[in-house]
Amino acid sequence: MGKLKKITTLMAICLICLGLTGCYDAIEIDEEVYTLAIGVDKGVNNVIRVTFQYATYKEDSGGGMGGGDEESGEVSGTIVSTVEAASLLEAINIMNSAVNRQVSLMHAKMLVLSEDFAREGVGKYIEPLTRFREVRELMRIVVCKGKAQDFIKENKALIGSNPSKALELMFEQSKNSGYFPDVIFADFYVDLLTPYGQPVAAYAGVNDFKQLDEGSENEEPPLKTEADIEPGDIPRTGGAKREIFGLVVFDGDRMVGTLSQYETRFFLMGIGEFQRGFFTFIDENEPELIYVIEVQLGRKPSISARMENEVPVIGLKLKLDIDIISIQSRRHYENLDNIDEFESKLQAYFEQGIKDTIKKTQEEYNADIFHFGKKVAGNFKTIQELEDYNWIGHYQEAEINVSVSVDARRSGFIYGATPIRSTESKKGVEADQ
Amino acid sequence: MIKEGHFGFMEAFSVMAIVLVTKIFYGSPMALIKYLGTAAWYGTLISLVGALVFFTLLYLLMKRFPQEDLFQIFETVTGKIIGKALILTFGVFLIYKAGINLREFTAVLKVYSMPFTPPSMIMLPFLIVVAVMAYVGLEGIVRVAHIFFYLVFGALVLIILLAIPSYDFNYLQPILGYGLGKTVQTGLIRVAAYDEIVLLAIIIRSLQGLQVFKKIGYLTLILGGLTFSVCLICILAAFQYTVGGEHLSGMYQLSRAIYFTRFFQRIESIFLFVWVISSVITVSFIFYISLNAYSRVFNISNHRPLILPFIFLTFMAAFIPNNFAEIMEIHLRVLREFSSVIFIFIPVMVLGLALLRGKKGVETSGKA
Amino acid sequence: MKQTQNQNQDQDKKQEKKKISLLQKAIGFITYKKTKNPPSFTLPESNEESGQGQDNAEQQDGSAKSDKETDKQSSDSKSRRKATKKPLSPSALKSSKSESDEVKQDFDSNKKILEQQFHLPVNKDLIIRDFSIGNKQPGFIAYLDGMADKVIINDYILRPLFNETNNEMSKNQRLGPLEDIILTNDTKSLKKVSTTVTEILKGNTALYIDGLDHFITCESIGYDKRGIEPPKTEGIVKGPQEGFSENLRTNISLIRRIVRNKDLITEFHEIGEKSNTTCAIVYLDGVVNPAVVKEVQRRLKNVKTDFLVSSGMLEQLIEDNPYSIVPTILSTERPDRTASHLIEGRAVIIVDGSPFSMIVPVSMHALMHSPEDAALKWQYATSLRFIRFVAVLAAAMLPALYIALTTFHREMIPTDLLIAIAKAKENVPFPTLVEILLMELGFELIREAGLRVPGIIGNTLGIIGALILGEAAVSANIVSPILIIIVAVTGLSSFAIPNYNLAFGVRITRFYFIGAGTLLGFYGISLALVAYVLMLVNLKSFGVPFISIISPRTKGSKDIIIKWPIWMQESRPDYLNSPDRRRQPKITRQWAEQDPNDA
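Asker: I'd like a description of the interface of chain B and chain C, backed by residues and values.
Answerer: Where interface size is given, it is often the accessible area lost as the parts come together that is meant. Counting from both sides, the interface comprises 36 residues of chain B and, opposite them, 27 residues of chain C. Approximately 2800 Å² of surface area, both sides summed, lies buried where chain B meets chain C, with 74% of it carried by carbon and sulfur atoms. It is B:Arg143, B:Ile147 and B:Phe273 that lose the most area in chain B upon contact with chain C, and together they represent 21% of the buried surface on that side. Run the count over chain B and chain C and you get 0 salt bridges. Joining chain B to chain C, the criterion identifies 3 residue pairs in polar contact (both at pLDDT 80 or more). Secondary structure elements with two or more residues in the side of chain B that touches chain C: helix 1 (9-21), helix 5 (80-112), helix 6 (119-136), helix 7 (138-162) and helix 12 (268-297) of chain B.

Below, the structure is given as structure tokens:
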């Protein structure tokens, strides 16, 4: 009996003690709002202006039309609100008094920095995000042309009613086109501090849908296969107005320039993160026609680096796999007779493209966004030597050789296309065969 | 003196492995990467070699006295008074170690997971579990350790595997870190990171003989060393030496970096289980040994009445550091660098003394 | 005056004493008192190689133990005698007047003793039929009405008795022939009243003829009992479909029908001073570790209680650790399962009147096996077992994990799901904990009510109740829909646990984890888990560590979580330390080695 009593007393004491620990950290799900996107602009009355986009908990709110009234900032199942403050995290506290729920950053998916802001240097503002426990290291980082506030306002979920899914899938598209890099915050932060290279971020903008010129009807449209377009200038209409296109080059924490969407593709190939993408070429044999190929990396690029007379010599070897998607002329480039020539043409193109891109980063920006430094580091024995040499300062002196090997592996469903027969165009094709 | 029961190879192996490896979950990788940069991963292997040498010496000592455990050897070799003083030193240092380990755990847990819970409220339930573990005794602790051994190491392997996409092993260059001299020097100082192996000599009588002792010792040291090394390689490859030297808990950050699909990300909280469990086992084990030391010194036949006061002492020890800086820069350095003075120097000295005086234990033929 | 003063002083003193004793009590809580714990039973190792030496050692061990046992018993009986002086119960009578236990040599006193023992004439159950045989020699038979089969008494006891004695008319030839005369299959001559009484209580008939110094009891047990029916709680698809019934003999015969072995031993013990329930220890000699049998005997012998009606009660009286939340004894109502455990080297205890057998010693995984496993191909059985282990984890931890996730570790939930949960919860006024507790309560209510509601309605009530309650609770905004899923999955999981007792334990464990998860999230759950596992590793079931599969590590059996093919299961579980470790030769499927054309 005594023993039982003792045990019960002890258990009661334990329970009370445990009760005292009382859920200091327990917060119910619906007591918080979850920020999906954070935008940082230069402030007017204070240092920074922070824009939050957070999901609302209304059933079927607004849905597809993304309407909502202007003043409350409702955007398709989310609310966008902006606040000016001295620091990013204090802005959250200020927001709390207006949102009437705890604003949480633990599900933030995207950090948008405005271009002005990025050019001045972002390090000091990014710092709290790495220390603060809530912030998701996996959020994507984007530099946007114009104001981040406007960009986030246009961040609508139009396909479904799920804003977070829309955001995540938006960045997944980097895999499908290679037009912009998918940079997560953790990597960006590591790249800020690294002696091996320089960081990049995706470049974004807001499209006002005015790029789609009406033009005059009788004029023949020009064929442009490699038009460099800045984000916000894509000739399109419909859908959400925000778009991501190209990338931003940083030197340290300061933005120094941008790469266009094609240069971004070459950059992604260079670092081995290019997944797939269509390339359009003008057919040399019939300049008014084109052919389209889909490019994949055959294997991870191999980089070698050695020092020759204090000058780093870097070799970048790439292997590309190519699927022919379309040949408008219906010529048989995939045939054994033609394929070598076809491949060498492509090889020259890609080699040149990558070389040009590297040259641009070397000469214009002097920013090793390719992280060749990690191989160069192999030539140094100690960290002191590496840091004394200061690779990222010497990037522009490096001699970089690029070699690309191209394999046209497949030709889609068709092999040896039969020409389109009409009364006129018989002869030409036959002669070619 | 105290009935400790007997247990098998796997139990002792598990508890020693967990005690050795728990450090990897806290600031240990950070400190190593800060000191050694890209050389951290083999710096710890140098420590391992040092630890293996030490363990060989320890084994020689134990071999001379096959029927006795380390504390008894202290008394036999140095005499009752000095021997007891040495045991007491061990006991006091172990309590300190348990306290600081607890505090380190609390500090990191508070930063990463429970920012608003007061530290004492984190420690209290922890200490209750430690007290219960100590109440049940060594046999209970090692069995729990054995069960969770698979979980702890499974989770470690899982984290390392899942984070594969973020590795780039080029970041292990330059290969020599801050210079070979510094690496070797720091590596040798940090032999202390492996010196918990000495605890195995204290529980030797619960093991099945000297050969098992030897096997467990070498295996746990090698397992611990490899685990450290692999984890450091992964942290370096994922975060480079710059950021790796910044993170409070490198392994935790590694688990934060896991991103497989939209559905499978930020699983670091699962990692919390492993982290807590291995810490509880470590602190309980150290705590129990210190209880043991105290009861040996004062010939107390039952350790149970000592639990509450010792829990209180641990609690006090945990509150010695004022802030995180003190934990990292004073106490953890004491534990991971200078603890060798007690854990390594004393046994080696005792071995020397035993050799000098030519003392030997009773040889018995019937060893199990 | 003086007297009153004295009284006052006395009272003061008493109060002081009380105060002191209170203080002492208070101090007693915090001071350490050495409690004498008798050493717990651990199973000695048996070694196949040194079988001979081992046997000796065990015998020594056993003799030492039996010494202790007798010591204890004597002290026990002493204390009992002291305690039971005042109320003069029949049992007390039995034990206190040992001289009257002997059967007298005359008719009247013996009859009187029986009448006295059974409280005749108040008690109407005992029938004593007087008769005289031969030379007007008086005699009587006594039996309990309803317990004995009257046809047997009439045709095989009374009829031959009258016939034979009338023919022979010899006076002196009573002793030998009497047992020859009676035609029942079992007769005993008993010199003690107490044992005779027990026999009568069982339903046997006691016969006494003047001049004898003993009773003769004839087996005439014949009361109404339930037939053999399919087991109620352990239904399976593939395998035998008969379950134990309430009759001990029937139950043992059911086992014997499966294990046809001369070494199958059944020992009887009587437990319950007032109910005198028969308990049987069944074991396979040469396979079971003798120490286990001795331990079971010791425990059964030293259970002192007045009443025992089911195996569940006995289970509570003989289990190693009554404070443990998981059962350490496996009870089953299937003879086939019982038999398979017997053959693995365990002992079985069967209580008369209870359709369950208790199997000891068991370890955790035996509780997780379903009787069906043995009948299924190993691939099927293994996958079923994985499901069961997942079920145990889910039943114990799922609600706790949900609470911890949603209140502490929200970053782990995929954002889409998180927002969906928040949306669903927006109009629910309660915190998650209250939601969970409400739903758990509702679920347990449905389960309990489903059991109590008679007949077929019970089952339907469960399903409909759960559906309607869940649906209504969601639409009334009392709980969020995702929570219904959590609670339903938890409930389903607890039904998937094959052992009824274990399922109970897990259901209670669930609340323990819910508490831990609510207070400290994953941190709390992991601490609670460590404490729980600590409890598990310290459990013993008749000297065998309860989770002996993992710790302490024993040689792997091939039938723990993964059920290896039957022909691979060559040895008995290591932790049982059976003297006969090998079950089957290395090559079981010997036909597969043969050339089919040779045969």
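Asker: Can you tell me about the packing of helix 8 (residues 261-271) of chain A against helix 9 (residues 336-365) of chain A, naming the residues and giving the values?
Answerer: Residues and elements named next belong to chain A. Two numbers describe how helix 8 lies on helix 9: the axes approach to 9 Å, and their chain directions differ by 95°. One way to sum up the angle between helix 8 and helix 9 is to call them roughly perpendicular. Facing Glu263, Phe266, Phe267 and Met269 of helix 8, the residues of helix 9 in contact are Tyr349, Phe350, Gly353, Ile354, Thr357 and Lys360. Residues of the contact of helix 8 with helix 9, tallied by class, amount to 6 nonpolar, 2 polar and 2 charged.

Asker: Talk me through the nonpolar core; I want residue IDs and the actual numbers.
Answerer: Ranked by internal contacts, the top residues of the largest apolar core, which has 316 residues, are A:Met269, A:Phe279, A:Ile293, A:Phe350, B:Phe213 and B:Met251. Tallying contributions element by element places helix 18 (residues 500-538) of chain C first for this core, with 20 residues. What B:Met251 contacts, discounting residues up to four positions off in sequence, is B:Ile24, B:Phe25, B:Leu156, B:Ile159, B:Ile160, B:Cys231, B:Ile235 and B:Phe271. Counting residues in hydrophobic clusters, the runner-up holds 33 residues, among them C:Leu158, C:Ile181, C:Ala206 and C:Leu212.

Asker: Break down the sheet that holds strand 13 (residues 311-327) of chain A for me, with residues and values.
Answerer: Residues and elements named next belong to chain A. Strand order in the open sheet made by the 4 strands is 11-12-13-14, with mixed pairing throughout. Whereas interior strands pair on both sides, the edge strands pair on one side only; in this sheet they are strand 11 (277-282) and strand 14 (399-410). The sheet shows a mean angle of 35° between the axes of neighbouring strands, taken without regard to direction. In this structure, strand 13 lies alongside strand 14, joined through 11 bridges in parallel fashion.

Basis of the calculations
Residues numbered from 1 in each chain as written. Chains lettered and ligands numbered in written order. Predicted model: local features only at pLDDT ≥ 70, side-chain atom pairs only at ≥ 80, totals over all residues. Heavy atoms only, no water. Contact = heavy atoms within 4.5 Å. Buried area = accessible area lost by both parts, 1.4 Å probe. Salt bridge = Lys/Arg side-chain N within 4 Å of Asp/Glu carboxyl O. Polar contact = N/O pair within 3.5 Å; in protein donor to acceptor, adjacent residues only side chain to side chain. Helix = DSSP H or I, 4+ residues; strand = E, 2+ residues; numbered from the N terminus. Axes fitted to C-alpha atoms, helices over the stretch in contact; angles between N-to-C directions. Parallel < 35°, antiparallel > 145°, perpendicular 65-115°, else oblique. Nonpolar A, V, L, I, M, F, W, Y, C, P; charged D, E, K, R; others polar. Core = buried A, V, L, I, M, F, W, Y, C linked by side-chain atoms within 4.5 Å. Buried < 20%, exposed > 50% of the residue type's maximum accessible area, 1.4 Å probe, protein only. Pairing = 2+ DSSP bridges.

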